[in-house]
Amino acid sequence: MHQDQAVDVTVGGIVGVDVGGTFTDLILLDPAAPGGLAVAKIPTTPENQAYGVMAALEASGAELGDLAGIVHGTTTTTNALLERKIARCGLITTRGFRDVLELGRRTRPTSYGLTGTFEPLISREFRAEVDERLDAAGAVLVPLDEAGVRAEALRLLDLGVESLVIHFLHSYVNPSHEQRAAEIAAEVWPNPYITCGSAILAEYREYERGTTAAVNAAIRPVLDRYLERLSNELTNGGYERDLLVMQGNGGTISARIVAEEAVNTVMSGPASGVMAAAYTAKAAGYENAITYDMGGTSSDVGLIRNGRPSIHSELELEYAMPIHVPMVDVHSIGAGGGSIAYVDDAGMLRVGPESAGADPGPICYGRGGDKPTITDANLVLGRLDPSSLLAVEGSASIEAITDRIAETIGVPLGLDGMAAAAAVLRVANNLMAGAVRMVSMERGHDPRDFVLFAFGGAGPLHAAALARELSIPTLLVPARPGITNAIGCVVADLRHDFVNTLNVPLENLDIKAAHAVLADQAKAGQSLLDREGAAFEDILYLRSADMQFLGQSHILSVPLPSDRVSLEELRTLFEEAYWDRFAVDLPEIRPVLVNLHTAVLGRRTAVPLSRLIDTSNACPRMEDAVISRRQVWFAETDTTGSFHDTPIYARDRLALGAAFSGPAIIAQMDTTIVIEPSNQVRVDPHGNLVVTI
Amino acid sequence: MAQPIDPVTLSVIQNGLQQVCNEMDVAFARSAFSPIISETHDRSDGIYHRDGGDLVAQGEDGLPIFVGTMQDSTRSVIERAKDLVPGDLFIVNDPYLGGTHLMDVRFVKPFFYEGELFCWLANTGHWPDIGGAVPGGFSANATEVEQEGLRLPPVKLFKRGVMDEEILSIIMSNIRIADQRIGDIKAQASALAVGERRLTEVLDRYGRDTVDEAIVELRQRAAQQMRAKIALIPDGTYEGEAFVDSDGVVDEPLRIALKIRKQGTDLYFDLSESSPPCMGPMNSVISSTRSSIYLAVKHVFPDIPINAGTFEPLHIEDPHGTFLYAVYPRPVSGCAAEVSQRIAEAVFAALSKAIPDLLFAAPAGTSGNFSMGGLDPETDRHFVCYLLSGGGYGGHPGGDGISNGCSTIGISKTTPVEVIEQRYPILYERYALREGSGGAGRTRGGFGVDYSVRLRRGEARASFVMDHGRFGPQGAFGGSDGGPNLLSVERDGERYVPPHLSKDQAVPISAGDVVHVSTPGGGGYGNPLSRDPDLVLRDVTRGYYDIDQAADLFGVILEAGKVDREATDRNRRDRGQAAAE
């Protein structure tokens, strides 16, 4: 199947292009190109990301007509949501429940403080009600008022609504009313933008399902228009193959159908980073990894177990905006290079969560920022190259930065500028380590059982210190940490996820019905793969069951070995998983099967990672890999540290198989890697740095 | 202890202690059984000093009302504890020994480091039932604590790490749906075990003496930080009051009369003029009274840390002889959820006179507790379901109050309609924003909720412990009060309104009967006649208010979907003058 479109890297290059907040990164793997590889990094064009994508393609030297495939990660939808630059949406819902989307789950934005605001995605005047009602078993209590649906659809159109949500109570158990209402609305609706709650997520909880559907509706036209612009640009440039789009679940989907479930593209950037990490770590021999991607304002942490990123479906993008579709479980923590350090009124040193952002930015940018940040502390301590400041016009001098740190942090704490900068790093690393531990703990894992996989611009700068704080024995830094997300696009498979709620105690479960649900999910996945028409080698099914003990509200995801799992197996798998997670066994209480989940993956041709390294500059002798030396500060104990004369290696001069000890700094196009004095480093056959802490 | 601890190590140890508590919070919620703990986070975990039980650190995600109570209950355990060995764990829910109501069950555990007692770890979890007259424990017309449920003095539920099956069996024989409680007990105990492991790591790393010293220093600094905030308040005495509808037994309002005197960097709270002890369950034990003041202050200054030092400059005189200082056997089930929020409201009202720019009009301030229990004939099983609801928050200098905010003393989510309907023989007829309920103001209050539920089959009994039925949440600086709580039961076409408006017990409900609840809106802030007319138009477009309300409440004249500026100005001018005269 799909032989006509098979992506064959021997006949053309494949491009992964990821649009981030600051940069658009591109990787081209092309056996015909010199070295088989080209990369590009250019500033993102926020008003229309397509310009940046085209510029990156041009910079890479790719011949569009010769390419076998382009895989695209985009922040278009995430940005649209966060900035509320979304389509005008309307809602048709069950009579009596139009305010569900506004009332939420009765919370407040912060634990303390009774102020704060909230605006729903669909304003109240665009939320309509019709007569219809199902009970919790899916039985019809009030039949659907079909004329009412038509009238309300017309009225909403009249109000200028572009994208419509149909969301009825208990549609997760019986979607027939939603489906019929969608048919009726489609007769009068001038565009394809109709989203049924149950089609996006067949899970109970009306606020979460409805909001997820509203998110989908809000960004669907935005994504559609963007992809149309990009496709036109690509076609004009001579590109004739399929455009694939990265999703938050770590898989790709054809641009032709992605907008129908646009919500799946939210968080696709972080997901592709974790996909690349899983792929790379596995090739290096590590199946369990914590990923650490540090950016300017926050850091992303993900977990990989048994070679696969952990998936969850309970993201809260911002206050009261839950998005419940399966996605790679990436947790954002409020510390990044721009996080501000200060001394509070109790005389305590704090770092973050306030960030200097891009403007004015850290002191070192010289754009008027006068609050010390983590980046400033790294410069003062020689961990970032101070001479790089000279290359940037208008930037602040090291002396000025040191003085400012001394003034704001040093004086109140009785420390000099250097010691104050060291204190900032110590508190920042401690805080970040605590947050990473929390992320793994909340998911029931001990960080010591994982390797730390560091990427992004600033991740490798702090990773060795974090690993030490967390007692993680091994740190892995990939060959190209700065373009990890783009690599994730290239290695990801096509993927579709399906979730259905059953909510039945095991003792009452008709296992045949469960098998039927799994079979239907697999079939739906196959037909979507067929519809999108993109090439893949074979199909892989990942199945899991969300389970809980009767009376609980939290669910635990249990991987299933097959679609013919027996009742007894289900019970045992759940009890084992529960013990693993909570170290509590509860023979007294009955288990319940809540949801069944199938991920259908169309596996794409494997990409050899060895293509990512360019060994033409590698030096057989370590001393030749040293490009300079400088004084770099390292911690010795919890409270002491000092400057060390430290060699600076160029990453591309490190030969495969090279081994050396810290202290060291490894400089690379878009990142700096700090190796502490007690670390041992080895370059593995794929070009990864394997650091023993 | 030769030299003072260095400030950076101090920050790191503070993070470490906070992390221990946060991890206990997470461990407890993740594995707990009761949705009240796992979903609505009605729980808290902390570290307490070995000598007097003073609070060292508490989880950031815990229920606010527990900020001040757990140190009191730990203290009461310390006073009674004998022959402590590692693995011992006390259970206690006695309200008069540093508690709230009986449903809040505390586990208190001595923590040993290298064989010596270093500190105490404790947590509180709200159990869904603790026996007593009504399912769920909120008996609206109890007159003695015995009617409210099983009262446990501090007893060792675990001895040397082993659960005492005899004590467990006493508990299990006295509560409803006991079979699921074992899940909460295990979760509550295992959260403290997580705390022990992590605290041991912190001590291993920094050393016992250093951590000890850090605890003393952190306390001093927290006090210093609190004092820096208090210094923002001008010297003087500020009064605030708030009313509880009734005690559930005697139909008369209970008055909270608060005077806050600010002097230097200290605040003195005087509640002595408040109503005397009441017959019904609206008495507040002193630890709950104190905690309500602490959490109200923290709502005003959200960034102060939580430890015993924070409370040092807050002097609360014991209000003997009032309903805010309950002694045995006064019933107290309403103190944690309702009276606490009225106390907080009085604090807000008083402080708004001192520092108006940092305050807000009154929030809905009731948990809207509605519990219903019965036998489902379809499954032949007993059920107890709780419906909690939010209400509007008050307008504030930065904007309108949010709608359907949670209780002041909680930070919990409601259970979704679909989950309730899955579990119980109940059908919602509607769940809607309560139009017009937000108090008018320059910034208006948020809106309450209107919901109606029908019993689908069988028979049940309903109990209600709500408040603000007699008076809506107070407006501030000329803003109007929010809409008051409304409650009624529709039986065979007849409408029953509880005599006490917001409280009742064991109301019989039959299949087909419908309970209607309308929760309060928040108070308005500032003169409604100064509200931006475009915002009034937006509110009318959204159906929050109707056109007549726009004119009556805000003085804004709307014509054909637009603001009639001229008529609005004229109307507002005339009314402003009338008010001035």
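Residues numbered from 1 in each chain as written. Chains lettered and ligands numbered in written order. Predicted model: local features only at pLDDT ≥ 70, side-chain atom pairs only at ≥ 80, totals over all residues.

Enquirer: What is the right way to look at the domain arrangement of chain A in this model?
Expert: The extent of an interface is frequently quoted as the accessible surface area lost upon association of the parts. What the domain assignment lists for chain A is domain 1 (7-81 + 224-265), domain 2 (88-192), domain 3 (339-427), domain 4 (493-603) and domain 5 (614-692). Between the C-alpha centres of domain 1 of chain A and domain 3 of chain A there is a distance of 37 Å. (Domains from an automatic or database assignment.)

Enquirer: Please clarify how the pairing of strand β4 (residues 104-113) of chain B should be interpreted in this entry.
Expert: Residue and element names in this part refer to chain B. β4 sits mainly inside the fold: 8 of its 10 residues count as buried. As paired elements, strand β3 (residues 89-92) and β4 share 3 bridges and run antiparallel to each other. Residue pairing across strands places V92 opposite R106, the latter belonging to β4. Inspection of the sheet shows β4 paired to strand β5 (residues 116-126) by 10 bridges, in the antiparallel sense. Considered in β5, the bridge of F107 is made with N123. Here β4 folds back onto β5 in antiparallel fashion, the turn holding 2 residues, of which E114 has a positive phi close to 50 degrees. (Buried ≥ 20, exposed ≤ 12 C-beta atoms within 10 Å, placed from the backbone. Helix = DSSP H or I, 4+ residues; strand = E, 2+ residues; numbered from the N terminus. Pairing = 2+ DSSP bridges.)

Enquirer: Would you take a moment to explain the domain arrangement of chain B for this structure?
Expert: Residues and elements named next belong to chain B. Segmenting chain B into domains produces domain 1 (7-220), domain 2 (360-526) and domain 3 (530-580). In this structure, domain 2 and domain 3 have C-alpha centres spaced 29 Å apart. With 9 residues of domain 2 at the contact, the number on the domain 3 side is 8 residues. (Contact = placed C-beta atoms within 7 Å.)

Enquirer: Before we go on, may I ask you to explain the nonpolar core in this structure?
Expert: In globular proteins that are soluble, nonpolar side chains generally tend to be buried together. Among the nonpolar cores identified, the biggest contains 379 residues, and L164, V424, L452, F453 and L475 of chain A together with V347 of chain B are the most heavily contacted of them. If one sorts the elements of this core by residue count, helix α11 (residues 417-442) of chain A sits on top with 15 residues. Residues within four places of L452 of chain A in sequence aside, it is in contact with I290, Y292, A463, L466, A467, I472, L475 and L476 of chain A. (Core = buried A, V, L, I, M, F, W, Y, C linked by C-beta atoms within 7 Å.)

Enquirer: I'm lost on the environment of I509 of chain B in this one. Help?
Expert: Structurally, the position occupied by I509 of chain B is in strand β19 (residues 503-510). Spatially, the C-alpha atom of I509 of chain B lies 57 Å from that of L203 of chain B, the residues being 306 residues apart in sequence.

Enquirer: I tried to follow the interface of chain B and chain A on my own but got confused; where do I start?
Expert: Counting residues at the interface gives 69 residues for chain B, matched by 60 residues for chain A. When contributions to the side of chain B that touches chain A are tallied by element, the ones reaching two or more residues are α1 (7-31), α2 (35-38), α5 (181-206), α6 (208-230), α7 (286-300), α10 (417-423) and β14 (426-433) of chain B. The biggest single contributor to the side of chain B that touches chain A is α1 of chain B, with 14 residues.

Enquirer: I keep staring at the packing of helix α1 (residues 49-60) of chain A against helix α7 (residues 206-236) of chain A and nothing clicks. Help me out?
Expert: What describes two packed helices is the angle between their axes and the distance between those same axes. Residue and element names in this part refer to chain A. Two numbers describe how α1 lies on α7: the axes approach to 9 Å, and their chain directions differ by 30 degrees. Judged by the angle between their axes, α1 and α7 are roughly parallel. Read as a crossing pair, α1 and α7 show a hand that is right-handed. Along its contact with α1, which presents Q49, A50, V53 and M54, the element α7 presents Y226, R229, L230 and E233. Along the lines of polarity and charge, the residues of the contact of α1 with α7 split into 5 nonpolar, 1 polar and 2 charged. (Axes fitted to C-alpha atoms, helices over the stretch in contact; angles between N-to-C directions. Parallel < 35°, antiparallel > 145°, perpendicular 65-115°, else oblique. Left-handed = near helix turned anticlockwise from the far one by under 90°. Nonpolar A, V, L, I, M, F, W, Y, C, P; charged D, E, K, R; others polar.)

Enquirer: Got a minute to help me understand helix α5 (residues 176-188) of chain A in this structure?
Expert: Residue pairs three or four apart in sequence face the same way in an α-helix, which turns once every 3.6 residues. Residues and elements named next belong to chain A. Over its 13 residues, α5 runs 19 Å from end to end, which matches the ideal 18 Å to within 8%, given 1.5 Å per residue. All of the buried residues along α5 are H177, E178, A181, A182, I184 and A185. Within α5, the buried residues cover an arc of 165 degrees as seen down the axis, which keeps them to one side. Residues of α5 that are exposed and point over 90 degrees away from its buried face: E183 and E187. Among the structural elements, β5 (89-94), β7 (133-134), α4 (146-158), β9 (163-167), β10 (194-196) and α6 (197-200) are those in contact with the buried residues of α5. (Expected span 1.5 Å × (residues − 1). Arc of directions from axis to C-beta.)

Enquirer: Please explain the sheet that holds β5 of chain A as it appears in this structure.
Expert: Each strand in a sheet pairs with its neighbour through backbone hydrogen bonds, running either in the same direction (parallel) or in the opposite one (antiparallel). Residues and elements named next belong to chain A. Read across the open sheet, the 4 strands follow the order β6-β5-β9-β10; overall the sheet is parallel. At either margin of the open sheet sits one strand with a lone partner, and together these are β6 (127-130) and β10. On average, each strand axis in the sheet is inclined to that of its neighbour by 20 degrees, with strand direction left out of account. For β5 and β9, the ladder comprises 5 bridges, and the chain directions are parallel. Paired with C89 across the two strands is S163, which belongs to β9. Set on the sheet, α4 makes contact with β5, β6 and β9; between it and β6 the angle comes to about 165 degrees.

Enquirer: Looking at this structure, how should I read the sheet that holds strand β11 (residues 314-316) of chain B?
Expert: Residues and elements named next belong to chain B. With mixed pairing, 4 strands are arranged side by side in an open sheet as β8-β9-β10-β11. Because the sheet does not close on itself, it has two edges, and the strands there are β8 (236-244) and β11. Across the sheet, the axes of successive neighbouring strands diverge by a mean angle of 20 degrees, strand direction being ignored. Note: β8 against strand β9 (residues 254-263), 9 bridges, orientation antiparallel. Across the sheet, the residue bridging to G236 is K262, located in β9.

Enquirer: Even after reading the chapter, I still don't get helix α8 (residues 268-283) of chain A, so can you show me in this structure?
Expert: Residue and element names in this part refer to chain A. Its 16 residues place the ends of α8 23 Å apart at the C-alpha level, agreeing with the 22 Å of an ideal helix rising 1.5 Å per residue. Burial analysis of α8 places 14 of its 16 residues in the buried class, which makes it a mostly covered element. Downstream of α8 by a residue or two, G285 has a phi angle that is positive, lying close to 100 degrees.

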